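Spelled out, the chains give:
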Amino acid sequence: MAMHHLLVLVLVASILHGASSTTANLTVDAASATAYDILEQNMFPRALLPLGVKSYVLHEGVLVVTLPGECNFFLTLGADQYHFKYGSTVGGVIKPGSITQVHGVRVFVKSEWLGFAAVERVGDQLTFDLQGNSQTFRVSSFTQSPKCN
């Protein structure tokens, strides 16, 4: 379950890679659609991103999300607790059901920091690719966006 939350964080970063294929630069702030909305439009839960997103840019499927600063938080998945670290900018290439080339998101697992490569949604399952390891979780495990410390 802890790997699931980690993958969710990766998914959130991936969602930043783009909500759809678009040819124009699009910068969005609080007055319009949000990065959380982009995730939902691409079949991902909003909770892949932590609370407090400042802005995002979506250009040709590449989503880059800006946070107020580095974001650290702990998630408990099953019996395990995981330490996540989001950079001040996170992102990836997003399309419906897929976030690839994820950057800016790391999780501490077994005494080392690992980065996310991709997140995929099939039905009610999210599969996270974490530097060669895959883990699948139910989408329903990601209902609330984490709060940064």
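Check the entry above for the structure.
Let me begin by describing the structure that accompanies this report. None of the values given here were measured: they were computed from a predicted structure.

As defined by bridge partners, strand β5 (residues 80–95) adjoins strand β6 (residues 98–109) across eight bridges and the pair is classed as antiparallel. For I94, the partnering residue across the bridge sits in β6 and is I99. Bridge count for β6 against strand β8 (residues 118–122) is three bridges, and the pairing is antiparallel. By the bridge assignment, I99 is partnered in β8 with V119. Relative to strand β7 (residues 112–115), β6 runs antiparallel, the two sharing four bridges. Within β7, the residue paired with F108 across the bridge is W113. In textbook terms, the turn of a hairpin is the stretch between consecutive antiparallel strands, and for β6 and β7 this stretch comprises two residues, one of which, K110, has a positive phi near 50 degrees.

Attention now moves to the environment of F74. Here F74 is to be found in strand β4 (residues 71–77). F74 sits ten residues away from F84 along the chain, and the two C-alpha atoms are 6.0 Å apart. In contact with F74, not counting residues within four places along its chain, are Q81, Y82, H83 and N149.

Parameters at a glance
- Residues numbered from 1 in each chain as written.
- Predicted model: local features only at pLDDT ≥ 70, side-chain atom pairs only at ≥ 80, totals over all residues.
- Heavy atoms only, no water.
- Pairing = 2+ DSSP bridges.
- Helix = DSSP H or I, 4+ residues; strand = E, 2+ residues; numbered from the N terminus.
- Contact = heavy atoms within 4.5 Å.

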